[in-house]
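Descriptive structure summary
Now for the letters of each chain:
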Amino acid sequence: MTAVSEGTSTGKVSGELHRTLDWRGAFWVAAGVPPLVLFSIGGIAGVAGKAAFVVWMISMVMGFSQSFTYAEIAGMFGNKSGGASVYGATAWLRYSKLVAPLSVWCNWFAWSPVLSLGCAIAGGYILNAFFPIPSETAPAVVDWVNAHLSSFTATSPDVVAYLAAHAGTALPDAIKAVATADAVTALTPAARTWEALAIAIPGLGTLHFNSTFVIGAVLMLVMFGIQHRGIASTASAQKWLAVIVLVPLLLVGLVPILTGAIQTTNVTGIVPPTTSYAATDGSWNLGGWTLFLGAMYIAAWSTYGFETAVCYTREMKDPKTDTFKAIFFSGLLCAVFYFLIPFSFQGVLGHEGMLASGIVDGTGIAEALGGLVGTSRIIVQIFVILMIMALFLAIMTAMAGSSRTLFQGSRDGWLPKYLSHVNDHGAPTGAMWTDFCFNLFLLALASDAGGYFYVLAISNVGYIVFNFLNLNAGWIHRIDSGHIERPWKAPTALIGFNTLLAFVNALFLGAGAKVWGYSSALWVGLAFAALIIPVFWFRHYVQDGGKFPPEAMEDLGLSDGDMGERKAGMLPYLALIVGAVVVLWANWFFVLPV
């Protein structure tokens, strides 16, 4: 524990992360998690129907309960950064060299896409602000229609097609509708349709190098520049962003409740829809439960995310006391927002209102937020700005957490050595550049509406796998490393309950990944998880000659030559087998409604 005492007294060690953070700083860095509710609030309403706000509440309660396991094991590792996946991975190292890095890898590729998804939505907002698509009633559209209406006749191909698709429509109405659509297309700014290149990747999707991609890439560079100056600078920027964003967001959740704007019919009769994105109520049959579990699957990506508060243990001045405070108060903050925002959204807009295209793809959420507190156009514009800032807040949190996961994975001998490079400000720039390049690829994949939820569905495979492994790591550490000091110790009954939740999460994974329109999401996600095999093999056997760095197990008082007794016996292997069975059974048993 020498590094801890040295870092505590000086705050900075050459070539190391700097101990410049207290629990409040970690709390502010994690304050980017509440805005994640806005990433998928429309998508979850689409698959859960009237049960959507209940999904958010249940998921948040699960995330809060699970965080107590993470808080305990995080306190055991004052020398490590990188978050719960790193601390939990050490529990598996005695039983399998491969499972440990799998946990870290899955956590990283689950969190990292927040950068690309957030930048994709922010790019859409910026395009809407500077290059808006004209509405059908805009004066310019009306003038264009009046000038070109005579060129459309009953024999025009588009008119014939419209009449065929809209039986019973009068010819003049059909001509006007077609002319209006052509007017909107003609008057749409070129920036909204510009695309330099599109590359189809079989089995994955299409990379779109368009306006959204360019804007998103610039935004990521800005975030990189801020974090380049270290965690203290990041925490300071996050604090002010959080205050500016979260206070109005809290008002959005409270005002409809206090003013009586909640429509009772919108939050009663809790049932899933008949099918995904249908405005009609379904029932709790097999298809309905499948949709519900699919919503729980995606909600976990947001509601569990405040566990990132323990990513900065190695940068805390007093990790023994700061670690638990950081994750506990971050969880309370998230609970407020994940309870209020979905409830108010659904209570005012109703199920059908939540299915609007702008809500589902994220680009119309700011207007909806403004509408919950007033009808003034100025209020709406203010919320557009706040929404972009909220996205920045979430992106900053994701870059800070995911880069430190890569950093510590490298220090512990699981990931390539270059990822452990730290600059003079104590920022893990090797990991940050890797995050940036990886997310450029994902940004191209998510730069159209079809790719957005595909990226989310795939990345969440990793997040559920990580949570499964880490919740089981809680009891494994209790058995194998019960002698290690724990600054905060969770009740044993809670460790047991959270272990049960690990298998509930496995159920979500098996049943839910396919709900989002991509039957291959589970298998693509597992294939990406399997990429850790060649990555780890290269680092461990090529770069390190089959041995782990001394610091990998130093917090447990162990070395590579002595991994310690496997006191848990076959139980960890049994947990893996049961988890895999639950995933495969759920994937087979639960089917989408038709």
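Here is a short report on the structure shown in this document. (Residues numbered from 1 in each chain as written. Predicted model: local features only at pLDDT ≥ 70, side-chain atom pairs only at ≥ 80, totals over all residues. Heavy atoms only, no water.)

Further remarks concern the packing of helix α7 (residues 114-130) against helix α12 (residues 211-227). The contact between α7 and α12 brings their axes to 8 Å, and the two run at 115°. Note that α7 runs across α12; the crossing there is right-handed. From α7, Leu115, Cys119, Ala120, Ala122, Gly123, Ile126 and Leu127 reach across to α12, where they touch Ser211, Thr212, Ile215, Gly216, Leu219 and Met220. Broken down by class, the residue content of the contact of α7 with α12 amounts to nine nonpolar, four polar and no charged. (Axes fitted to C-alpha atoms, helices over the stretch in contact; angles between N-to-C directions. Helix = DSSP H or I, 4+ residues; strand = E, 2+ residues; numbered from the N terminus. Left-handed = near helix turned anticlockwise from the far one by under 90°. Contact = heavy atoms within 4.5 Å. Nonpolar A, V, L, I, M, F, W, Y, C, P; charged D, E, K, R; others polar.)

The subject of this paragraph is the environment of Asn467. Within the fold, Asn467 resides in helix α20 (residues 449-480). Here Asn467 falls in the buried class, since its relative accessible area comes to 0%. Sequence separation of Asn467 and Ala174 is 293 residues, and the distance between their C-alpha atoms is 54 Å. Every residue in contact with Asn467, bar those within four places of it in the chain, is listed here: Gln66, Tyr70, Tyr304 and Asn505. (Buried < 20%, exposed > 50% of the residue type's maximum accessible area, 1.4 Å probe, protein only.)

Right, let's get into helix α10 (residues 171-187). With 17 residues, α10 extends 24 Å from end C-alpha to end C-alpha; this agrees with the ideal 24 Å at 1.5 Å per step. Within the span of α10, buried status applies to Ala174, Ile175, Val178, Ala179, Thr180, Ala183 and Val184. Its buried side turned inward, α10 meets α8 (139-148) and α9 (157-165). (Expected span 1.5 Å × (residues − 1).)

Right, let's get into the pattern of salt bridges. For the coordinates displayed, the defined rule picks out six salt bridges. In this structure, Lys50 engages Asp281 in a salt bridge whose closest nitrogen and oxygen atoms are separated by 3.4 Å. One end of the pair, Lys50, is in the loop between α3 (37-48) and α4 (52-75); the other, Asp281, is in the loop between α13 (231-258) and α14 (286-303), with 231 residues separating them in the sequence. Under the relative-accessibility criterion, Asp281 is labelled partly exposed at 37%. (Salt bridge = Lys/Arg side-chain N within 4 Å of Asp/Glu carboxyl O.)

Now for the nonpolar core. Ranked by internal contacts, the top residues of the largest apolar core, which has 172 residues, are Phe39, Ile44 and Phe345. No other element matches the 18 residues that α20 contributes to this core. In this structure, Phe39 is in contact with Val114, Leu117, Gly118, Ile121, Trp301, Leu391, Ala394, Tyr452 and Phe453, ignoring residues within four places of it in sequence. Counting 12 residues, the second largest nonpolar core, distinct from the first, contains Val145, Val159, Ile175 and Ala183. (Core = buried A, V, L, I, M, F, W, Y, C linked by side-chain atoms within 4.5 Å.)

Glancing now at the side chain of Arg478. Within the secondary structure layout, Arg478 lies in helix α20. The exposure class of Arg478 is buried, given its relative accessible area of 18%. Once residues within four sequence positions are removed from consideration, Arg478 is found in contact with Glu72, Arg486, Lys489, Ala490, Pro491, Thr492 and Ile495.

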